[in-house]
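Working through the structure, step by step
What follows is each chain in one-letter form.
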Amino acid sequence: MKKHLKVLVVVAHPDEAEEYVSGTLALLADAGHHVKVLSTTNGDAGHLELGPEDLVRRRASEAHTAAEIIGLADYEIWDEHDGDMVDTQELRQRMLRVIRQWRTDLIITFSDEGDGHNDNRLAGRLVRHVVGLSTLPNPCRDIPPLAQTPIVLRMIDYGSIEQHRADVAVAVDAVIDRKLRACAAHASQFLEFAPAQRDLLHLVPDAADTAAVDEFIVKYWSEYIETQDAARPALARAYGDAAADVRYAETFELAPFGRPTTVEEVERILHSSAS
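Residues numbered from 1 in each chain as written. Predicted model: local features only at pLDDT ≥ 70, side-chain atom pairs only at ≥ 80, totals over all residues. Heavy atoms only, no water.

**A closer look at the overall build of the protein chain**
Of regular secondary structure, the protein chain possesses nine helices and seven strands. A compact globule built from 275 residues should have a C-alpha radius of gyration of about 19 Å, and the protein chain, at 18 Å, falls within 12% of that. Considered along the principal axes of its C-alpha atoms, the protein chain spans approximately 55 × 50 × 30 Å. Per-residue burial for the protein chain yields a buried fraction of 55% across its 275 residues. If you take every contact in the protein chain between residues at least 6 apart in sequence, the share linking residues at least 24 apart comes to 78%. If you sum the accessible surface of the protein chain, you get close to 11,800 Å²; carbon and sulfur atoms cover 49% of it. Within the protein chain, one finds 28 positive and 46 negative side-chain charges whose respective centroids are separated by 8 Å. (Helix = DSSP H or I, 4+ residues; strand = E, 2+ residues; numbered from the N terminus. Rg over C-alpha atoms; globule rule 2.2 N^0.38 Å. Buried < 20%, exposed > 50% of the residue type's maximum accessible area, 1.4 Å probe, protein only. Contact = heavy atoms within 4.5 Å. Areas by Shrake-Rupley, 256 points an atom, 1.4 Å probe, with all protein chains shown as cover. Lys, Arg positive; Asp, Glu negative; His and termini not counted. Charge placed at Lys NZ, Arg CZ, Asp CG, Glu CD.)

What follows is the structure, given as structure tokens:
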């Protein structure tokens, strides 16, 4: 395995990488790995007051602010409408090109199975369809094939939480401040749209009160931020007695596609970034 990896995180909407895995991404970036986030839609449906064009501009600005906080090397947003994603050959080819152009070693994406947002499932499905083509010379002949198929990990999201398998867990206590600041950078989602949908607008703190905003995000997104019982076995295996003190953790499932790997190999990659 190379000393510095090229990591590609494929989500469906700007803000999802920040919510679900940005602690791990910050640790990877700090360890010298090159981390890119790709959002397959522009998120233009995610607000109750802003029109789509204004929202697209705002969400892109929020994403790039979050990228600086996390330490990302790149943040790409496709100009596809939120909620309108369908599985087409054009999008499959576009995904393959991104995987090749980034010279990807490791992909983190959503499960392509189960319930939840169709865009999220499709983001994972696009990866599943094309990752096996990444080393073949004939597809996308203008971009050299990869030397090795990337490893693929699945992250949790609200639609897969019941079926997600916590094969590997990463303690992110050391960078939780950056994760929460990256989430808060997406104020259109964490302080406006989601609270409006959940009847929480009257509880949203002043955006300038960072401590209160952090507390609000941890309280209402706790299942994706604080350590859950399902993560405890993987944490204990990785951190021993210290696992009992891990308050914030992110978990990953080994995907049944991509380069075959093991829990031990993935732990070496992800935990070396935290050492």
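**Let's talk about the packing of aromatic side chains**
Within this structure, the stated rule accounts for five aromatic pairs. For the pair Tyr-20 and Tyr-224, a centre-to-centre distance of 5.0 Å together with 90° between the ring planes defines the contact as edge-to-face. With Tyr-20 in helix H1 (residues 16-30) and Tyr-224 in the loop between helix H7 (210-220) and helix H8 (232-239), the pair connects residues that are 204 residues apart, well separated along the chain. A relative accessible area of 9% means that Tyr-224 is categorised as buried. Between the aromatic rings of Phe-216 and Trp-221, the centroid separation amounts to 6.0 Å while the plane-to-plane angle is 65°, which identifies the pairing as edge-to-face. Grouping aromatic residues by their ring pairs yields a cluster made of Phe-190, Phe-216, Tyr-220 and Trp-221. Between Lys-6 and the ring centre of Trp-102, over which it is positioned, the NZ or CZ distance is 4.1 Å. Directly above the ring of Trp-221 sits Arg-198, whose terminal nitrogen or CZ lies 4.9 Å from the centroid. (Phe/Tyr/Trp six-rings, centres within 6.5 Å; stacked < 30°, edge-to-face > 60°. Lys NZ or Arg CZ within 6 Å of the ring centre and 35° of its normal.)

**So, the sheet that holds strand E4 (residues 106-109)**
Adjacent strands of a sheet pair through backbone hydrogen bonds, lying either parallel or antiparallel. Read from one edge of the open sheet, seven strands run E3-E2-E1-E4-E5-E7-E6, paired in mixed fashion. Whereas interior strands pair on both sides, the edge strands pair on one side only; in this sheet they are strand E3 (74-77) and strand E6 (168-171). The mean inter-strand angle of the sheet, taken between neighbouring strand axes irrespective of direction, is 25°. Note that strand E1 (residues 6-11) and E4 share four bridges and pair parallel. Following the sheet pairing, Val-7 is matched in E4 by Leu-106. Lying on the sheet, H1 is in contact with E1, strand E2 (34-39), E3, E4, strand E5 (151-155), E6 and strand E7 (249-254); it crosses E7 at an angle near 95°. (Pairing = 2+ DSSP bridges. Axes fitted to C-alpha atoms, helices over the stretch in contact; angles between N-to-C directions.)

**Focus: the nonpolar core**
By size, the foremost hydrophobic cluster in this structure holds 80 residues, and its most contacted members are Val-9, Leu-25, Ile-217 and Leu-270. Here the element with the most residues in this core is H1; it accounts for seven residues. For Leu-25, the residues in contact, after removing those within four places along its chain, are Val-9, Ala-17, Val-35, Val-37, Ile-70, Leu-72 and Ile-108. Formed by eight residues, the second largest nonpolar core is a distinct cluster that contains Ala-171, Ala-231, Ala-243 and Val-246. (Core = buried A, V, L, I, M, F, W, Y, C linked by side-chain atoms within 4.5 Å.)

**As for the packing of H1 against helix H5 (residues 176-185)**
At a minimum axis distance of 9 Å, the contact between H1 and H5 shows a crossing angle of 130°. The pairing of H1 with H5 is recorded here as oblique in orientation. Handedness of the H1/H5 crossing: right-handed. Contacts between H1 and H5 involve Glu-18, Glu-19, Tyr-20, Val-21, Ser-22, Gly-23, Ala-26 and Asp-30 from the first element and Arg-178, Lys-179, Ala-182 and Cys-183 from the second. Split into classes, the residues belonging to the contact of H1 with H5 amount to five nonpolar, two polar and five charged. (Parallel < 35°, antiparallel > 145°, perpendicular 65-115°, else oblique. Left-handed = near helix turned anticlockwise from the far one by under 90°. Nonpolar A, V, L, I, M, F, W, Y, C, P; charged D, E, K, R; others polar.)

**Let's talk about the environment of Ile-69**
Inspection of the secondary structure assignment puts Ile-69 in helix H2 (residues 52-70). The sequence separation of Ile-69 and His-164 amounts to 95 residues, and the corresponding C-alpha distance is 27 Å. What Ile-69 contacts, discounting residues up to four positions off in sequence, is Arg-178, Arg-181, Ala-182 and Ala-185.

**Some remarks on unusual backbone geometry**
Of note in the backbone geometry, Cys-140 takes a positive phi value of approximately 50° without being a glycine. Here Cys-140 is to be found in the loop between helix H4 (118-130) and E5. In this structure Cys-140 comes out as buried when scored by relative accessible area, which is 10%. Despite not being glycine, Asp-199 shows a phi value in the positive range, around 60°. Mapped onto the elements, Asp-199 comes out in the loop between helix H6 (187-197) and H7.

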